[in-house]
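Residues per chain are reported as follows:
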There are 2 protein chains.
Amino acid sequence: MEEDFLRELGMLSITTRLKRITDKMLHDGKKMYQELGLDIEPNWYVIFLILDEHESLSITEIANKIQFAHPSVVAMVEKMTKKGFLISVPHETDNRKRYIQLSEKAKTKLPTYKKIWAAGVSGMNAMIGHTNFLNLLNEIEDKLNDTGFKNRTLNELNANEN
Amino acid sequence: MEEDFLRELGMLSITTRLKRITDKMLHDGKKMYQELGLDIEPNWYVIFLILDEHESLSITEIANKIQFAHPSVVAMVEKMTKKGFLISVPHETDNRKRYIQLSEKAKTKLPTYKKIWAAGVSGMNAMIGHTNFLNLLNEIEDKLNDTGFKNRTLNELNANEN
DNA sequence: TTAATTTATGTAGTCAACTACGTAATAATA
DNA sequence: TATTATTACGTAGTTGACTACATAAATTAA
């Protein structure tokens, strides 16, 4: 077994380790789609599923619902449109807006993709289903949204000065 | 309170949410150093502390100890050297190797930085110290290192086909 | 009705990890 | 000893999120 200096550092290295884990998962996911010969990317499930549920949403609506910055959504939608999975419909009166919808191709392929995603969930469950990781994640996100990491640290710094 | 579609998706969106959290923390950390007027970056603590402990390490040794790919270490070391925090000493006999060490400037500044990092740990502890998050992280990393996310999913897929 | 503000989208560039590949030096083997 | 394999490091390019800024349309206010 290799040494892991980050692990030794405990709480200090949480952020770095989360990034390390996340990168590994993302990379692994990418490879999985390639091996399965599927022409989609790992994070597209979000768009597929939200449009499966809502049928027609604007860029901003999607961004709000998934709590991403809107340029991230623009980028995903652009790629998926190029691959023929999405279509854009201009708003009837508001010329700024466009509505994003699943294409027929997307609707056809969706059941197949859903099976893959379900298998991913099973794998994840087998790995961490017995823990309360999901609840912890919710808690951390709530707290970070309330008071960011920066302010929490600055508060601690000020407290120590007294 | 805003809707959060990712949260509704449960286990399926774990990776995406981890990235979302991680990005937020990194960005927040960056801003913190700026506000404090410190000329260092959020992830440099790893290099500072490992060289505080070991004094003289090669690029590859650092990469192994923190379990990063070596080009990541090269990039960090390069930046820190430019800022005057690190020096490189060529190996006496092996012309491929260079040893990385803390500069005098780094040694002078280190106590100040350590206070900041300690405050960060306090903040993190106040936030998630009551949980077993650290243990969970260890468990997840161990399992991912053992069998990656991809293979876990492919196994589940095959299992369902029978 | 004109001006100011807000909203929706798009573009450009950043960030911190990664892989893939290249090269030179060293070590191991035939 | 000559060849081959390994090791150390470096460079180039990718990834998927982000911020900051730009622009045009719609709404609100003066």
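Everything here concerns the structure above.
Reference entry: report on the structure contained in this document. This one's a predicted model, so the numbers in the text were calculated from it and none came from an experiment. (Residues numbered from 1 in each chain as written. Chains lettered and ligands numbered in written order. Predicted model: local features only at pLDDT ≥ 70, side-chain atom pairs only at ≥ 80, totals over all residues. Heavy atoms only, no water.)

One frequent convention defines the size of an interface as the accessible area lost when the parts assemble. Opposite the 77 residues of chain A that make contact, chain B presents 77 residues. Together chain A and chain B conceal approximately 8,300 Å² of surface at their shared face, both sides included; 70% is due to carbon and sulfur atoms. When the area that chain A buries against chain B is broken down by residue, the three leading residues are F5, M11 and K150 of chain A, summing to 9%. The tally of links between chain A and chain B comes to twelve salt bridges. Here E141 of chain A ties to R7 of chain B by a salt bridge, and the two come within 3.6 Å at their closest N and O atoms. Across the contact surface, chain A and chain B share 31 residue pairs in polar contact (both at pLDDT 80 or more). Those elements that provide at least two residues to the side of chain A that touches chain B are helix 1 (5-8), helix 2 (14-35), helix 3 (45-54), helix 4 (59-66), helix 6 (104-128), helix 7 (133-146) and helix 8 (149-161) of chain A. Ranked by residue count, the leading element in the side of chain A that touches chain B is helix 2 of chain A, at 17 residues. (Contact = heavy atoms within 4.5 Å. Buried area = accessible area lost by both parts, 1.4 Å probe. Salt bridge = Lys/Arg side-chain N within 4 Å of Asp/Glu carboxyl O. Polar contact = N/O pair within 3.5 Å; in protein donor to acceptor, adjacent residues only side chain to side chain. Helix = DSSP H or I, 4+ residues; strand = E, 2+ residues; numbered from the N terminus.)

Here the focus is the protein's contact with DNA strand C. Taken together, 26 residues sit near DNA strand C, with T60, R96 and R98 of chain A together with N43 and S72 of chain B positioned nearest. When the atoms of DNA strand C within 4 Å of the protein are grouped by moiety, sugar and phosphate amount to 75% of the total. With respect to DNA strand C, the backbone of I59 of chain A contributes an N or O atom lying 3.5 Å from a phosphate oxygen. Among the residues making up the surface near DNA strand C, the classes are represented as six nonpolar, nine polar and eleven charged. (Near = heavy atom within 4 Å. Nonpolar A, V, L, I, M, F, W, Y, C, P; charged D, E, K, R; others polar.)

Around DNA strand D, a shell composed of 27 residues is seen, among which N43 and S72 of chain A together with T60, R96 and R98 of chain B lie nearest. Counting only atoms of DNA strand D within 4 Å of the protein, the fraction found in sugar and phosphate groups is 73%. Contacts to DNA strand D include N43 of chain A, whose side-chain N or O atom sits 2.3 Å from a phosphate oxygen. Take H70 of chain B: an N or O atom from its side chain is 2.8 Å from a base nitrogen of DNA strand D. Put simply, the parts of the chain that give the surface near DNA strand D at least two residues each are helix 5 (70-82) of chain A together with helix 2 (14-35), helix 4 (59-66) and helix 5 (70-82) of chain B. Here the residues of the surface near DNA strand D are counted per class, giving seven nonpolar, nine polar and eleven charged.

Taking 1.5 Å as the rise per residue, helix 6 of chain A with 25 residues should run 36 Å; its terminal C-alpha atoms sit 36 Å apart, in good agreement. The sharpest bend along helix 6 of chain A comes to roughly 45°, located at L110 of chain A, with the proline P111 of chain A sitting one to four residues further on. (Expected span 1.5 Å × (residues − 1). Bend = angle between axes of the 7 residues up to and from the residue.)

Note on the identical chains: chain A maps onto chain B by a rotation of 180° and an axial translation of 0.0 Å, with an RMSD of 0.1 Å. What we have between these two chains is a two-fold relation. Interface residue correspondence from chain A to chain B reaches 100%, placing this contact among same-surface, isologous pairings. (Least-squares fit on C-alpha atoms with pLDDT ≥ 70 in both.)

I40, F48, L51, I66, F85, L86 and W117 of chain A are the most contacted members of the largest nonpolar core, which totals 35 residues. Looking at this core, the elements that each hand over two or more residues are helix 2, helix 3, helix 4, helix 5, strand 3 (98-102) and helix 6 of chain A together with helix 1 (5-8) and helix 8 (149-161) of chain B. Sort the elements by how many residues they give to this core and helix 3 of chain A lands first, with seven residues. Apart from residues no more than four positions distant in its own chain, L86 of chain A is found in contact with I47, L51, V77, M80, T81, I100, Q101, L102 and S103 of chain A. Formed by 34 residues, the second largest nonpolar core is a distinct cluster that contains I47, F48, L49 and V77 of chain B. (Core = buried A, V, L, I, M, F, W, Y, C linked by side-chain atoms within 4.5 Å. Buried < 20%, exposed > 50% of the residue type's maximum accessible area, 1.4 Å probe, protein only.)

Here we come to the sheet that holds strand 1 (residues 57-58) of chain B. Residue and element names in this part refer to chain B. The strand order across the open sheet built from three strands is 1-3-2, with neighbouring strands paired in antiparallel fashion. Every other strand in the sheet has two partners, leaving strand 1 and strand 2 (86-90) as the edge strands with one partner each. The sheet contact formed by strand 2 and strand 3 (residues 98-102) spans five bridges and is antiparallel. For S88, the partnering residue across the bridge sits in strand 3 and is I100. (Pairing = 2+ DSSP bridges.)

The calculated volume of the largest pocket comes to roughly 810 Å³. Lining the largest pocket we find 36 residues, and of these T15, T16 and K19 of chain A together with L26 and N43 of chain B sit closest to its centre. For the lining of the largest pocket, the secondary structure elements donating two or more residues are helix 2 and helix 8 of chain A together with helix 2, helix 5, helix 6 (104-128) and helix 7 (133-146) of chain B. It is helix 2 of chain A that provides the largest number of residues to the lining of the largest pocket, a total of eight residues. A volume near 340 Å³ is recorded for the second largest pocket. Looking at the second largest pocket, it is lined by 13 residues, and the ones nearest its centre are F68 and S72 of chain A together with K19, R20 and D23 of chain B. Per-element accounting of the lining of the second largest pocket gives the leading share, five residues, to helix 2 of chain B. The residue inventory of the lining of the second largest pocket, partitioned by class, reads five nonpolar, four polar and four charged. (1 Å grid on protein atoms, 1.4 Å probe; cavity = no way out; pocket = protein on both sides within 12 Å on 5 of 7 lines; lining within 4 Å. Points joined across faces, edges and corners; volume = space filled by probe spheres on them.)

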